[in-house]
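So you can see what is in the structure, the chains are spelled out below.
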Amino acid sequence: MKNQLVAKSTLLVSLCLLASGVAVAADTQPAAAKAPDPALVKAVADPARTPKFAARDPSRHPAEELTFFGLGPKMTVVEVWPGGGYWTEILAQYLKTSGHYIAAVTVSGESEEEDKGTAAWRTKMEAQKDHIGTLTISHLGKGHYEVAPPNSVDLIVTFRNLHNWMDGGYVDEALNGLYTSLKPGGILGVEDHRGLDTKPQDPKAKSGYVRQDYTIALARKAGFEFVGASEINANPKDTKEYPEGVWTLPPTLALGDKDRAKYVAIGESDNYVLKFRKPAK
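In what follows, the accompanying structure is described. (Residues numbered from 1 in each chain as written. Predicted model: local features only at pLDDT ≥ 70, side-chain atom pairs only at ≥ 80, totals over all residues. Heavy atoms only, no water.)

1. Details of the overall build of the protein chain
- Each helix and strand in the protein chain was counted, giving 12 helices and eight strands.
- Buried residues in the protein chain amount to 48% of all 281 residues.
- Of the contacts made within the protein chain by residues no fewer than 6 positions apart, 77% connect residues no fewer than 24 positions apart. (Helix = DSSP H or I, 4+ residues; strand = E, 2+ residues; numbered from the N terminus. Buried < 20%, exposed > 50% of the residue type's maximum accessible area, 1.4 Å probe, protein only. Contact = heavy atoms within 4.5 Å.)

Shown next, in the form of structure tokens:
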């Protein structure tokens, strides 16, 4: 039954893409789950991590997700829009000795809320620099899409941010910029809140949810090959229709104490985890 559902989902994606005029190539299915690098497991288990971040690991599966993306210790890795630093604490620690971590933060002045968040992230990471190392900073936002020099990055990851670029009206430009920065054969890993495939996609993604097939089409439009998907962060309890969109659920809980137990019981949103490749030639 599970294999039948996967096959139907893949067929649906292909039909949607064909209908939109996007060329469909045979997708490479992900290989059997690979065991995470012990050094990555150690970075995730690091007691120096922020406790509230570590508490979210059962919902976010960091070691497994980064392994799915193909993270290695000697890579140059860009994390786009690091938010509060959940992934920064893991990635920077893991790459500190042999790799290179770059944080592409938001562009100053685009959003007062994002400016405050980036300032708090900078302060927090500066306080940890002896532990995680000195970070390289770049930017992504309206008018600024080069997160690293062209053809210089092994892996770019972005977690629950694509819907913001859609809302900002520059999702195509952002993906084109990421494509340019990746080396030929480089990988783009995308996680976001999965929208209902029974409803048309809001191009602004105001609810925070984005259809998986829509995301694949956007990435292909930028030139990426779709490698595969992981269901590691799937949540079938998520109905995806709430008063305050995805932010109704944890960790935001936008309604405060109203129906709090109900939304806590649902847990964090249903998320797709998608892996794309810049063609080697």
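2. Brief notes about the pairing of strand β5 (residues 182-194)
- Taken across its 13 residues, β5 has 10 buried, putting it largely inside the fold.
- In the sheet, strand β4 (residues 153-159) pairs with β5 via six bridges, with the strands oriented parallel. Counted as the bridge partner of Val157 is Gly189 from β5.
- Sheet topology note: the β5/strand β6 (residues 209-210) ladder contains two bridges and is parallel. When the bridges of β6 are listed, His193 appears paired with Tyr209. (Pairing = 2+ DSSP bridges.)

3. Things to note about the pairing of strand β2 (residues 100-105)
- In terms of residue burial, β2 counts as a mostly covered element, since five of its six residues are buried.
- One ladder, built from five bridges, connects strand β1 (residues 76-80) with β2; its direction is parallel. Each residue of the ladder has a partner; that of Val77, found in β2, is Tyr101.
- Handedness of the crossover joining β1 and β2 through helix α6 (residues 86-95): right-handed.
- Two elements, β2 and strand β3 (residues 136-139), share four bridges in a ladder whose sense is parallel. Opposite Val105, over in β3, you have His139 as the bridge partner. (Right-handed = clockwise from strand over helix to strand, strands pointing away.)

4. Thoughts on the packing of aromatic side chains
- Taken as a whole and judged by the stated rule, the model has 11 aromatic pairs.
- Ring centres of Phe69 and Phe159 lie 6.5 Å apart, and the angle between their planes is 45°; this geometry places the pair in the tilted category. Residue Phe69 is located in helix α5 (residues 62-69), and its partner Phe159 is located in strand β4; the two are separated by 90 residues in the primary sequence. Comparing Phe69 with Phe159, the two get one shared label, buried.
- Through pairs of rings, three or more aromatic residues link up here, namely Phe53, Phe68, Phe69, Tyr86, Trp87 and Phe159.
- The ring of Tyr179 carries Lys278 above its face, with NZ or CZ at 4.9 Å from the centroid. (Phe/Tyr/Trp six-rings, centres within 6.5 Å; stacked < 30°, edge-to-face > 60°. Lys NZ or Arg CZ within 6 Å of the ring centre and 35° of its normal.)

5. Remarks on the packing of α5 against α6
- Orientation of α5 relative to α6, taken along the N-to-C sense of each, is 60°, at an axis distance of 12 Å. The two elements α5 and α6 cross, and the hand of that crossing is right-handed. Every residue of α6 that contacts α5 at Pro62, Glu65 and Leu66 is listed here: Tyr86, Trp87, Ile90 and Leu91.
- Among the residues making up the contact of α5 with α6, the classes are represented as six nonpolar, no polar and one charged. (Axes fitted to C-alpha atoms, helices over the stretch in contact; angles between N-to-C directions. Left-handed = near helix turned anticlockwise from the far one by under 90°. Nonpolar A, V, L, I, M, F, W, Y, C, P; charged D, E, K, R; others polar.)

6. Overview of the environment of Leu249
- Its place among the elements puts Leu249 in the loop between β7 (225-230) and α12 (260-266).
- Separated by 13 residues in the primary sequence, Leu249 and Lys262 place their C-alpha atoms 9.2 Å from one another.
- Setting aside residues no more than four positions away along its own chain, Leu249 makes contact with Tyr209, Asp238, Tyr242, Tyr263, Ile266, Gly267, Glu268 and Ser269.

7. Re the environment of Leu178
- Within the secondary structure layout, Leu178 lies in helix α10 (residues 171-181).
- Accessibility expressed as a relative area gives 0% for Leu178, which makes it buried.
- Excluding residues that lie within four positions of it along the chain, Leu178 makes contacts with Val80, Leu140, Tyr145, Val147, Ile156, Trp165, Leu188 and Phe224.

This is a description of form; function is not addressed.
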